[in-house]
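The lines below spell out each chain.
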Amino acid sequence: MITNHYDLIIIGTGAGGGTLAYRLAASGKKILLLERGPFLPREKDNWDTKTVFNSDRYHCSEVWYDQHGKELHPGMSYFVGGNTKLFGAALFRLREKDFEKYSHRDGISPEWPLKYRDFEPYYAEAEQLYQVHGQQGEDPTEPFRSTDFPYPAVSHEPRIEEVADILRAKGLHPYHTPVGIRLNEAQRYLSQCIRCNTCDGYPCLVQAKSDAEISAIRPVLGQENVTLLTEAKVLKLHTSPSGREVTSVEVALYDRENGQTQVQQFYGDMVAIACGAINSSVLLLKSANDQHPHGLANGSGLVGRNFMKHVLGSIIGVSKKPNPTQFQKTLSINDFYWGEQGYDYPLGQIQTLGKVSKEALEANAAAYAPLTPEQVASHSIDWWLTVEDLPDPNNHIQVKGDKISLNYSENNSEAYDRLEHRWIEILKSIECGQEILPNCSYFAGAGKTYTGRLPLEGVGHQVGTCRFGEDPQTSVLDLNCRTHEIDNLYVVDGSFFCSSGAVNPTLTIIANALRVGDHLLQRMQ
């Protein structure tokens, strides 16, 4: 039932907000979930490559700007489940050393105020909730685990298994990528997942991807104490005269029946923002008032700063041997995560992507000439490279009215270049790199192409804009992700990260939401 007062208002339904709602739903407390988008439509176009990669059907049509005023078309998805509706479902734990201070070529990756051991029990719960498949003991950089993966690793198809064997023979340590999908390989007739080639970057038509909607939101929607409002965009947070608590949430509610938008106030004892690291900081900055003239909870000046998104890239290695693999996202390499002989700084991680298709490559066919898109797609193995970018206060989110700017200058570029060069050498040495080509479509935004490195539009790994810590002068959030300056306001998404590590951040966001959820359960008793 829709009322105006709730025990907790959660803004956003992605990995952070959705998981937080799941954790708190059983408490009986009245919870309001606000999602700016609708449910993602379930339709045949979910698996249509041209619709997914060359239109805004499943990505927002917003225009942001870079630091030079150039338009950006961000790869953001505003649906119940947030960006997880289109994610690749790779769910990694950060390494233990990722929580410590260590040196990169371009500077220092800072120490976190909490350590891996503090997150480990929540990682285990997160893997259970999001049905993560994996195999422990294969990756030499793997952190301590209190429990094994809850589901067996997704098997390699023959061509990927062959490549894994060749890499092992060269002394490398390929391991099975931990993925959150609802796959039953032992009894395929019972499996929700059909192991298709339209998973990574696509919505799942058969709802077998462990996104936040399927894993966290749907299981609690039937409870009387949980209310979900879709197409409900939060415009501003209002505070008490002292500025020490949020008193109301101003929401623009869209009514599809009459096409009208109505602005309404909702009131909550607690408010948790989980809009993603960029939009959470935008909301805080837009909510400036007399008590918080530079944005809510921004006495440190750090709201929106230290924005990180990884240095990311994708390459296609074409070989003479065909690759008929359907579900390719099963193999990862961490041998260069902490560097290599002769280079004492971390490099990053390598993993296989979802299999590229002829249809995806046709949008930029000239990049593959003289090969045709069909020749490339049928003979390629497709790779994703992740390199840590470092927190820099000059990399920040700026808001002027409704104009959002991402002021970002890439760092740690040398590490990316070196990792890409090293991996291309290896691909050529194992006859998987007769041609090395760019993947010009993956998460670049509608109709956008790129070569090698992902452009600024690729913000799927956004973190860091409201870092947590014990000192209000150097952090926005306390250790429970409550803002230092506003007693009843929390930020529960990737904003809290102190550094980005070099693996996909989603599982850490989920684990942290479970951790903050436990704190809120105690606080709201």
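Residues numbered from 1 in each chain as written. Predicted model: local features only at pLDDT ≥ 70, side-chain atom pairs only at ≥ 80, totals over all residues. Heavy atoms only, no water.

**Examining the sheet that holds strand 3 (residues 64-66)**
If you trace the four strands from one edge of the open sheet to the other, you get 4-3-20-19, paired in mixed fashion. Single-partner strands in this sheet number two, and they are strand 4 (71-72) and strand 19 (396-400). Bridging between strand 19 and strand 20 (residues 403-407) involves five bridges; their strand directions are antiparallel. Bridge pairing links V399 to I404 in strand 20. Running over the sheet, helix 6 (residues 277-286) touches strand 3, strand 19 and strand 20 and is turned about 45° from strand 19. (Pairing = 2+ DSSP bridges. Helix = DSSP H or I, 4+ residues; strand = E, 2+ residues; numbered from the N terminus. Contact = heavy atoms within 4.5 Å. Axes fitted to C-alpha atoms, helices over the stretch in contact; angles between N-to-C directions.)

**A look at unusual backbone geometry**
Cis geometry is adopted by the peptide bond preceding P370, which originates at A369 and carries an omega value of 10°. Assignment of secondary structure puts P370 in the loop between helix 7 (358-361) and helix 8 (373-379). Here E431, not a glycine, exhibits a phi torsion of approximately 60°, which is positive. With a relative accessible area of 57%, E431 lands in the exposed category. (Buried < 20%, exposed > 50% of the residue type's maximum accessible area, 1.4 Å probe, protein only.)

**Section: the pairing of strand 1 (residues 5-11)**
Regular strands show a simple pattern: their side chains alternate between the two faces of the sheet. Taken across its seven residues, strand 1 has six buried, putting it largely inside the fold. Across six bridges, the pairing between strand 1 and strand 14 (residues 260-273) is parallel. Within strand 14, the residue paired with I11 across the bridge is I273. Bridge analysis of strand 1 against strand 2 (residues 31-34) gives four bridges, and the strand direction is parallel. Across the sheet, residue I9 finds its bridge partner in strand 2, namely L32. On the question of chirality, the crossover connecting strand 1 to the parallel strand 2 by way of helix 1 (residues 15-25) is right-handed. (Right-handed = clockwise from strand over helix to strand, strands pointing away.)

**Examining the packing of aromatic side chains**
Aromatic rings considered in pairs are described by the distance between their centres and by the relative angle of their planes. By the definition in use, this model includes 17 aromatic pairs. A connected cluster of aromatic rings, assembled from ring pairs, spans F99, W112, Y116, F119, Y123, F468, F496 and F497. The positively charged end of K30 is found above the aromatic ring belonging to Y6, 5.5 Å away from the centroid. Above the plane of the ring of W338 lies K97, whose end atom (NZ or CZ) is 4.6 Å from the centre. (Phe/Tyr/Trp six-rings, centres within 6.5 Å; stacked < 30°, edge-to-face > 60°. Lys NZ or Arg CZ within 6 Å of the ring centre and 35° of its normal.)

**Topic: the sheet that holds strand 21 (residues 435-438)**
With antiparallel pairing, six strands are arranged side by side in an open sheet as 9-16-17-18-15-21. Whereas interior strands pair on both sides, the edge strands pair on one side only; in this sheet they are strand 9 (175-176) and strand 21. Bridge count for strand 17 (residues 349-352) against strand 18 (residues 380-387) is four bridges, and the pairing is antiparallel. Bridge assignment links Q349 to a residue of strand 18, and that residue is T386. Strands in contact with helix 9 (residues 413-429) are strand 15 (311-318), strand 16 (331-333), strand 17, strand 18 and strand 21; relative to strand 18, the strand with the most contacts, it is inclined by about 155°.

**A few points about the side chain of E138**
In this fold, E138 is placed in the loop between strand 7 (132-134) and strand 8 (151-152). No salt bridge is formed by the buried E138, whose closest oppositely charged neighbour, R168, lies at an N-O distance of 4.6 Å. At 2.9 Å, the side chain of E138 forms a polar contact with the backbone nitrogen of H176. Dropping the residues within four chain positions of it, E138 is found in contact with H173, P174, Y175 and H176. (Lys, Arg positive; Asp, Glu negative; His and termini not counted. Salt bridge = Lys/Arg side-chain N within 4 Å of Asp/Glu carboxyl O. Polar contact = N/O pair within 3.5 Å; in protein donor to acceptor, adjacent residues only side chain to side chain.)

**Overview of the pattern of salt bridges**
Scanning the model with the defined rule gives 35 salt bridges in all. The shortest N-O distance in the salt bridge between E425 and R422 comes to 3.8 Å. With E425 and R422 both in helix 9 and three residues apart, this pair spans about one turn of that helix. Several salt bridges share partner residues, and in doing so they unite K50, K358, E359 and E362 into one network.

**A few points about the confidence of the model for the chain**
Here the chain averages 95 in pLDDT, while 97% of its residues score no lower than 70. For the chain, per-element mean pLDDT is lowest for strand 21, which scores 90, and highest for strand 22 (residues 489-491), which scores 99. Predicted confidence for residues 443-450 stays below pLDDT 50, and this span has 32 contacts to residues more than four positions away or in other chains. (pLDDT = per-residue confidence, 0-100.)

**So, the state of the cysteines**
Within this structure, the stated rule accounts for zero disulfides. Looking at the unpaired C498, the closest cysteine sulfur is the one in C481, lying at 9.4 Å. (Disulfide = S-S within 2.5 Å.)

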